[in-house]
Amino acid sequence: MARLMGIDVGTSGCKVLLTDERGHVLMEASAEYPLSSPKPLWSEQNPEDWWQGVETCIRDIGVAPDAIGLTGQMHGAVFLDVHDKVLRPAILWNDQRTVEECAEIETSVGADRVRAITGNPPLTGFQLPKLLWMRNHELSRFGQVRSALLPKDYIRLKLTGEKATDVSDASGTGIFDVGRRAWSEEIAARLELDLSLFPACFESPTIASRTLEVAGLPAGLPVVGGAGDQAAGAVGTGTVEPGVVSVSLGTSGVVFTSLPGFAYDPLGAVHTFCHANGGWHTMGVMLSCAGTIRWLRDTLYAGEGFDRLTAEAASIEPGCEGLTFLPYLTGERTPHNDPLAKATWAGVTARHGRAHMARAVFEGASFGLRDAYDRVRALGAVAAEVRVTGGGARSDFWMQLLADVLETPCLRMEVDEGPAFGAAILAGVGAKVFRGVEEGCAACVRTSDRIEPSGTGYREPLERFRALYNALKNWNGPR
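Worth saying up front: this structure is predicted, and the values here are computed from it rather than measured.

### A few points about the overall build of the protein chain
Regarding its fold elements, the protein chain presents 16 helices and 23 strands. For the protein chain, whose C-alpha radius of gyration is 22 Å, the value lies close to the compact-globule estimate of 23 Å for 479 residues. A burial count over the protein chain gives 58% of its 479 residues as buried. A separation threshold of at least 6 residues defines the contact pool for the protein chain, and within that pool the share at least 24 residues apart is 71%. Of note, the protein chain has its 45 positive side-chain charges centred 2 Å away from the centre of its 58 negative side-chain charges.

### Observations concerning the sheet that holds strand E17 (residues 271-274)
A sheet is described by the order of its strands in space; here 7 strands give the open sequence E17-E18-E16-E15-E21-E22-E23, paired in mixed fashion. Strands with a single pairing partner mark the edges of an open sheet, and in this sheet they are E17 and strand E23 (447-451). Neighbour-to-neighbour, the strand axes of the sheet open up by a mean angle of 25°, direction not taken into account. Note that strand E15 (residues 243-249) and strand E21 (residues 383-389) share 6 bridges and pair parallel. Bridged to Val247 within E21 is Val388.

### A word on the packing of aromatic side chains
The full count for this structure, using the stated rule, is 15 aromatic pairs. For the ring pair Phe362 and Phe397, a centre distance of 5.1 Å and an interplane angle of 90° mean the geometry is edge-to-face. Linking Phe362 in helix H12 (residues 354-378) with Phe397 in helix H13 (residues 396-406), this pair joins segments that are 35 residues apart in sequence. What makes Phe362 buried here is its relative accessible area of 2%. Judged by relative accessible area, which is 15%, Phe397 ranks as buried. Ring-pair connections join several aromatic residues into one group, and the members of that group are Tyr328, Phe367, Tyr458, Phe465 and Tyr469.

### Describing the nonpolar core
Side chains that are nonpolar tend, in soluble globular proteins, to be buried together. Formed by 81 residues in total, the largest nonpolar core has its most connected members in Phe79 and Trp398. Discounting chain neighbours no more than four positions away, the residues touching Trp398 are Leu249, Cys289, Ala290, Ile293, Phe362, Ala365, Ser366 and Gly392. In terms of nonpolar packing, the next biggest core, distinct from the first, is built from 31 residues, Ala29, Ile61, Ile68 and Leu157 among them.

### Structural notes on the side chain of Ser395
Here Ser395 shows up in the loop between E21 and H13. A distance of 3.0 Å separates the side chain of Ser395 from the backbone nitrogen of Trp398, its partner in a polar contact. In contact with Ser395, other than residues within four places in its own chain, are Thr310 and Arg412.

### Concerning the environment of Thr56
Here Thr56 is to be found in helix H1 (residues 47-61). Considering only alpha carbons, one finds Thr56 and Cys14, 42 residues apart in sequence, at a separation of 10.0 Å. At 2.8 Å, the side chain of Thr56 and the backbone oxygen of Gln52 are in polar contact.

### What to know about the pairing of strand E22 (residues 410-413)
Side chains Cys410 and Arg412 of E22 all project onto a buried face; the interleaved residues Leu411 and Met413 project onto the opposite face, where all are buried too. Where E21 meets E22, 3 bridges bridge the pair, whose relative direction is parallel. Bridging from a neighbouring strand, Arg387 pairs with Leu411 of E22. With H13 bridging E21 and the parallel E22, this β-α-β connection has right-handed handedness. Relative to E23, E22 runs antiparallel, the two being bridged by 3 bridges. Looking across to E23, one finds that Leu411 is bridged to Arg450.

Conventions and cut-offs
Residues numbered from 1 in each chain as written. Predicted model: local features only at pLDDT ≥ 70, side-chain atom pairs only at ≥ 80, totals over all residues. Heavy atoms only, no water. Helix = DSSP H or I, 4+ residues; strand = E, 2+ residues; numbered from the N terminus. Rg over C-alpha atoms; globule rule 2.2 N^0.38 Å. Buried < 20%, exposed > 50% of the residue type's maximum accessible area, 1.4 Å probe, protein only. Contact = heavy atoms within 4.5 Å. Lys, Arg positive; Asp, Glu negative; His and termini not counted. Charge placed at Lys NZ, Arg CZ, Asp CG, Glu CD. Pairing = 2+ DSSP bridges. Axes fitted to C-alpha atoms, helices over the stretch in contact; angles between N-to-C directions. Phe/Tyr/Trp six-rings, centres within 6.5 Å; stacked < 30°, edge-to-face > 60°. Core = buried A, V, L, I, M, F, W, Y, C linked by side-chain atoms within 4.5 Å. Polar contact = N/O pair within 3.5 Å; in protein donor to acceptor, adjacent residues only side chain to side chain. Right-handed = clockwise from strand over helix to strand, strands pointing away.

Purely geometric numbers; function is a separate question.
Following this line, the structure appears as structure tokens:
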């Protein structure tokens, strides 16, 4: 039976899985590494820390796979010189220094044209604004740049000696023609950039390179194109066919689904990227999802834990007797794309207590997901079921609430190992263990509990939620 390896280069650490061709996890290893914020709004890491972590994990597993799939944090920028030496710390997805460069892209290319080509507005987290920032602020280093790699593809370089990427991860650079599945010559020309800075681009399950004799691995093992962490995570949940939507209840919340063809939101409220299955996907991202629950625990429930918090929230009737919570603790992306949005409780009366506030937070996070859910469906996605992952999926209360708010059955996953699991499935496709991504998912991905909507109506609380943002959006100044 084939052994398949998935490598996930995350933000706080890396994870390496070894699975068989039926999706059973045989071995796993993980390692942490530091994150640096040398200035306000900056977020950086040393790419060598990623490699040391991955190398340690591979050696800990100690078994050579039949094929390797790569995934990891998207959008980050690793700049290399002519000798493939790292020129500066990698600038990460959550770095916010490039506001002016995003405006430069819209001015040079045109706001509507950028969206038509890339499927997205230029965002501070994307790779292209980081390259322009380097040209604007570190010109001497910029002059030495010969390659710009995404985080997982730096690990590919260390494993194989080859520079390559895949279409899903390239879609998050800001210089990729998502409809054509190729680097955008038009954007490069408008910004006076050389497309030779960017690596060859492959479909996710295509063999893009082969290993050197490194990290205890033999030479010649196939390494597929892989995928960005969101697309790989979707492969790991089987979200590769119409009718299936995945929701991640992590610190942030992600609503993700395949699209029948290329379509983008002209308002930029949701993202459209190439998917790992040869098609396209759209996703809506809310910045504080389970993060709002953690914040609530640390403030109103300090020392009491999630069980107490959830029990009190469950004791309150839906709608919280008119209490509404906006979950915008760190601004919001979908659907508002508003970094100045703020969290708030509204409608507080003497009848409301801590338990009401707890339920309102759960409802607010769920309403934020409903906003994203409606936006992805507006692009033509259909949703027969929602597959839920992340720490929040362990809560029976939240799963039922989510099924009711989305008005769609919600399912837990039998194996919830994140993007590394999807990367291993992609490796199996590349190694011809599976004839395609869909067949790989059918063989490896299994759901467990299915929670049906109870019929509880949330139309009125949802309308209050949406009206509240519009009423307060100028509280911190005009947009």
